[in-house]
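Coordinate inspection notes
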Amino acid sequence: MVYVFLADGFEEIEALSVVDILRRCDIKTITVGIGREAIRGAHGILVQSDMVDKDLVLNEETDMIVLPGGMPGTKNLEASETVQNAINYCVENKKYIAAICAAPTILGHRGLLNGHYAMCYAGMESQLDGARIAEGNVCVSDKFITSKGPGTAIDFALRIVEILKSTPISEALAASLIYTR
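This write-up is about the structure you can find in this document. Just so we're clear, the structure is a prediction, and the values are computed from it rather than from any experiment. (Residues numbered from 1 in each chain as written. Predicted model: local features only at pLDDT ≥ 70, side-chain atom pairs only at ≥ 80, totals over all residues. Heavy atoms only, no water.)

Considerations on the overall build of the protein chain
Of the regular secondary structure elements, the protein chain holds 6 helices and 11 strands. Each of the three principal axes of the protein chain carries a C-alpha extent, and together these read 40 × 35 × 35 Å. Across the protein chain, every contact between residues at least 6 apart in sequence was considered, and the portion connecting residues at least 24 apart equals 61%. Just so you have it, the protein chain exposes about 8000 Å², and 49% of that area is on carbon and sulfur atoms. (Helix = DSSP H or I, 4+ residues; strand = E, 2+ residues; numbered from the N terminus. Contact = heavy atoms within 4.5 Å. Areas by Shrake-Rupley, 256 points an atom, 1.4 Å probe, with all protein chains shown as cover.)

With respect to unusual backbone geometry
The omega torsion of the bond from Met71 to Pro72 falls at 5°, within 30 degrees of zero and hence cis. Turning to its location among the elements, Pro72 is positioned in the loop between β6 (64–67) and α2 (73–78). One non-glycine residue, Lys94, adopts positive backbone phi at about 55°. Along the chain, Lys94 falls in the loop between α3 (81–92) and β7 (96–100). Residue Lys94 is classed as exposed on the basis of its relative accessible area of 64%. Although it is not a glycine, Cys101 sits at a positive phi angle of roughly 70°. Mapped onto the elements of the fold, Cys101 is located in the loop between β7 and α4 (104–109). (Buried < 20%, exposed > 50% of the residue type's maximum accessible area, 1.4 Å probe, protein only.)

A few points about the nonpolar core
In globular proteins that are soluble, nonpolar side chains generally tend to be buried together. Core analysis: the largest hydrophobic core is formed by 32 residues, its most contacted members being Tyr3, Phe5, Ile65, Leu67 and Ile87. Elements supplying a minimum of two residues to this core: β1 (2–6), β2 (29–33), β6, α3, β7 and α4. Excluding its chain neighbours within four sequence positions, the residues that come into contact with Leu67 are Phe5, Leu77, Val83, Ile87, Ile97, Ala98, Ala99, Ile100, Ala103 and Ile106. Membership of the second largest hydrophobic core comes to 29 residues, among which are Leu6, Phe10, Met64 and Val138. (Core = buried A, V, L, I, M, F, W, Y, C linked by side-chain atoms within 4.5 Å.)

Re the pattern of salt bridges
Pairing is possible between side chains that carry opposite charge, provided their charged atoms lie close to one another. By the definition in use, this model includes 5 salt bridges. With a closest N to O distance of 3.6 Å, Arg159 and Glu162 form a salt bridge. You can see Arg159 and its partner Glu162 sitting in helix α5 (residues 153–164), 3 residues apart, about one turn around the helix. Given the relative accessible area of 18%, Glu162 is considered buried. (Salt bridge = Lys/Arg side-chain N within 4 Å of Asp/Glu carboxyl O.)

Below, the structure written as structure tokens:
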């Protein structure tokens, strides 16, 4: 099961591309609204989340959490006790944490990327405390998956499919979407 966190000001492309692509591959994906169900993205799109953060219970069925970027969405995610607890759960239980755009800075601020390869939105690299800055569109380093921004959202989502399902499934979906890497 994958939980995608939505906080006011989230980057719509980054969150919804992931949700759409994972659901196309039958990966159970649940959106979690921070503070309420209806969350407004950075570009004014109102999204109805599947659940509210106060109802979130992570357990052995949890495979991954996803942190979309956007501003002030990233700051709102970072300020959320639920998100911080979910990050703790994933680290302690060796579950994946995927973060894109500005959201990897949440992990950087906590020192979780120390010694790992990672990437984020251009110009924010100094906030990835201790990370080795990676090149390309998506970086996987142990249980951390990071990506640069809205333009890399499909690559990011397809890499998650590779990890949770398989490379052939990811490639087949990319072909069906008429997407070329």
